[in-house]
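Structural features, examined
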Amino acid sequence: MNVQTPNYAALRALLPEPEFALARPLIEEINALKRERDVVILVHNYQIPSIYHGIADYTGDSLGLSVEAAKTRAATILFCGVHFMAETAKIVSPEKQVLIPDLEAGCSLSESITPDDVRTLRALHPGVPVVCYVNTEADIKAESDVCCTSANAAKVVRSLPGRQVIFIPDAYLGQNVGRETGKEVIVHDGRCIVHQEFTAEQIAAYRAQFPGIYVVAHPECHPSVVAAADFTGSTSQMVAALQRIRPGKAMLITECSMAANIQLEVKHIDFDMPCTLCPHMKRITLEKVLRSLQDDVYEVEVPEPTRSRAAAAIHRMLEIGA
Ligand code: SF4
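These lines cover the structure that appears in this document, whether it is placed above or below. Given the structure is predicted, the values throughout are model-derived calculations rather than measurements. (Residues numbered from 1 in each chain as written. Predicted model: local features only at pLDDT ≥ 70, side-chain atom pairs only at ≥ 80, totals over all residues. Heavy atoms only, no water.)

1. What about the overall build of the protein?
For the protein, the helix and strand inventory stands at 15 helices and 12 strands. Since a compact globule built from 322 residues should have a radius of gyration of about 20 Å, the 19 Å found for the protein is in line with a globular shape. Among the 322 residues that make up the protein, the fraction classed as buried is 58%. Long-range pairs, those at least 24 residues apart, make up 62% of the contacts in the protein with a sequence separation of at least 6. Put simply, the protein shows about 13,000 Å² of open surface, and 52% of that area lies on carbon and sulfur atoms. One way to put it: in the protein the 30 positive side-chain charges average out to a point 6 Å from where the 39 negative ones average out. (Helix = DSSP H or I, 4+ residues; strand = E, 2+ residues; numbered from the N terminus. Rg over C-alpha atoms; globule rule 2.2 N^0.38 Å. Buried < 20%, exposed > 50% of the residue type's maximum accessible area, 1.4 Å probe, protein only. Contact = heavy atoms within 4.5 Å. Areas by Shrake-Rupley, 256 points an atom, 1.4 Å probe, with all protein chains shown as cover. Lys, Arg positive; Asp, Glu negative; His and termini not counted. Charge placed at Lys NZ, Arg CZ, Asp CG, Glu CD.)

Below, the structure written as structure tokens:
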């Protein structure tokens with residue numbers, strides 16, 4: 001989503017006064033520098049509010065941000081998210097400079113699998129297409145037939161011929177997609193350290209405490225959590241569902257910053273939820289973004305032929321989405 005930042009009204013509402021006072025000069029310096037240097041800042045929905053409302057040009061989920069990365073005319077893309085997201089931007093826009101403010105911003109899913117694991121799955125299931133979730137590094141995408149995000153996983157799986165699909169690396173997302181599409185989905189044993197924490201019992205307890213609460217879950221959650229929710233979708237699909245349904249009270253079963261970031265888009269909703277933070281997403285701070293712009297760090301590179309093989313899997317996904 002294209003956004004107008006800085007949104008100081010949002011930040012004043014979300015941040016304690018001392019935090020706002022510290023953030024404001026950094027936000028102003030970053031915005032001045034990004035204009036001077038022709039930089040576009042892409043911000044994932046799980047980033048802290050001072051980044052989300054202070055310095056973003058575009059906010060969204062992995063799918064929305066990869067589309068923006070592919071079409072931007074800016075000379076440099078600065079990615080406020082985790083490493084595989086910045087790498088995806090470099091794969092689809094190889095002529096651009098792509099920066100990530102902290103190279104250690106990883107992901108438990110992308111770290112759960114190696115290219116050898118993919119080759120082993122292919123050898124065990126010859127002829128079965130491999131779908132890789134976008135939460136993977138470039139060398140895993142390069143071994144796959146097609147990429148997907150949580151916004152389009154079921155659509156991508158349905159588009160493939162045959163009854164079976166190998167889905168990597170998120171076991172829960174794979175199982176949820178199998179249930180939704182009726183396909184036999186062979187999964188790898190990866191998990192998101194944030195979404196694996198939620199349980200169906202938690203949802204039942206919230207429903208007992210707040211009758212009528214509308215429960216929205218991310219599909220990286222366990223299938224029993226997805227079954228207990230009222231709606232399941234990517235972070236951007238969650239926002240769209242809440243705007244459409246307009247519940248009075250809602251619970252977001254996903255990373256903690258999401259509710260704070262979207263509160264202004266769905267002002268009428270009162271959120272209640274267990275708070276689980278992603279330590280990888282939280283490695284990105286305003287100070288690191290400023291340093292990234294000042295010192296050109298850290299530049300993301302994807303060598304050939306890995307890049308072009310990974311790009312083929314991403315472009316196949318984008319064609320299916322279109
Ligand atoms: S929330 Fe989960 S899937 Fe997203 S970056 Fe963090 S560990 Fe990875």
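Structure shown, so let's carry the discussion forward.
2. Structural notes on the sheet that holds strand S5 (residues 130-133)
What links the strands of a sheet is backbone hydrogen bonding, and the strands pair in either a parallel or an antiparallel sense. Spatial strand order, S6-S5-S7-S8: four strands in an open sheet with parallel pairing. Each edge of the sheet is formed by a strand with only one pairing partner; in this case those strands are strand S6 (146-148) and strand S8 (184-187). This sheet shows a mean twist of 30° between the axes of neighbouring strands, independent of strand direction. In this structure, S5 lies alongside S6, joined through three bridges in parallel fashion. Bridge pairing links Cys 132 to Cys 147 in S6. The strands that helix H6 (residues 115-124) touches are S5, strand S7 (164-168) and S8; relative to S7, the one it contacts most, it runs at about 170°. (Pairing = 2+ DSSP bridges. Axes fitted to C-alpha atoms, helices over the stretch in contact; angles between N-to-C directions.)

3. Some remarks on unusual backbone geometry
Of the consecutive residues Ile 168 and Pro 169, the connecting peptide bond is found in the cis state with omega at -10°. A positive phi is found at Asp 38, a non-glycine position, where the angle reads about 60°. Positionally, Asp 38 belongs in the loop between helix H2 (17-37) and strand S1 (39-44). In this model, Asp 296 sits at a positive phi of 60°, which is unusual for a non-glycine residue. Secondary-structure assignment places Asp 296 in the loop between helix H14 (286-295) and helix H15 (306-321). Classification of Asp 296 by relative accessible area gives partly exposed; the value is 34%.

4. Some words on the state of the cysteines
Following the criterion strictly, the structure yields one disulfide and no others. Across the disulfide, Cys 256 is cross-linked to Cys 275 (sulfur-sulfur distance 1.5 Å). In this structure, the disulfide formed by Cys 256 and Cys 275 twists by about -100° around the S-S bond and is classed as left-handed. Within this pair, whereas Cys 256 is found in the loop between strand S11 (249-253) and helix H13 (257-262), its partner Cys 275 is found in the loop between strand S12 (270-271) and H14, the two being separated by 19 residues in sequence. Taking the relative accessible area as the measure of exposure, Cys 256 reaches 16% and is therefore buried. (Disulfide = S-S within 2.5 Å.)

5. Observations regarding the side chain of Asp 170
Of note, Asp 170 is situated in the loop between S7 and helix H9 (171-181). Look at Asp 170: it is buried, it has no salt bridge, and the nearest opposite charge is Arg 191 at 6.0 Å. Within the structure, Asp 170 has its side chain in polar contact with the backbone nitrogen of Tyr 172 (distance 3.0 Å). A distance of 3.2 Å separates the side chain of Asp 170 from the backbone nitrogen of Leu 173, its partner in a polar contact. Leaving out residues up to four positions away in the same chain, Asp 170 has contacts with Leu 109, Tyr 133, His 188, Gly 190 and Glu 220. (Salt bridge = Lys/Arg side-chain N within 4 Å of Asp/Glu carboxyl O. Polar contact = N/O pair within 3.5 Å; in protein donor to acceptor, adjacent residues only side chain to side chain.)

6. Thoughts on the site of the ligand
In the vicinity of the ligand, the residues found are Tyr 46, Cys 107, Ser 108, Leu 109, Asn 135, Cys 192, Ile 193, Val 194, Glu 220, Cys 278 and Met 281. For the shell around the ligand, the residue count by class is eight nonpolar, two polar and one charged. (Near = heavy atom within 4 Å. Nonpolar A, V, L, I, M, F, W, Y, C, P; charged D, E, K, R; others polar.)

7. Quick notes on the pattern of salt bridges
Scanning the entire structure with this criterion turns up 18 salt bridges. Glu 68 is the salt-bridge partner of Lys 71, the closest N and O atoms lying 3.9 Å from each other. Of this pair, Lys 71 and Glu 68 are both found in helix H4 (residues 62-71), three residues apart, which corresponds to roughly one turn of the helix. Among the residues examined, Lys 71 registers a relative accessible area of 55% and is labelled exposed. The salt bridge involving Asp 102 is made with Arg 283; its shortest N-O contact spans 3.1 Å.

8. Describing the pairing of strand S9 (residues 214-217)
Here S9 shows no split at all, with Tyr 214 and Val 216 on one side and Val 215 and Ala 217 on the other all buried. The pairing of S9 with S11 spans four bridges and is classified as parallel. Residue pairing across strands places Tyr 214 opposite Ala 250, the latter belonging to S11. For S9 and strand S10 (residues 231-232), the ladder comprises two bridges, and the chain directions are parallel.

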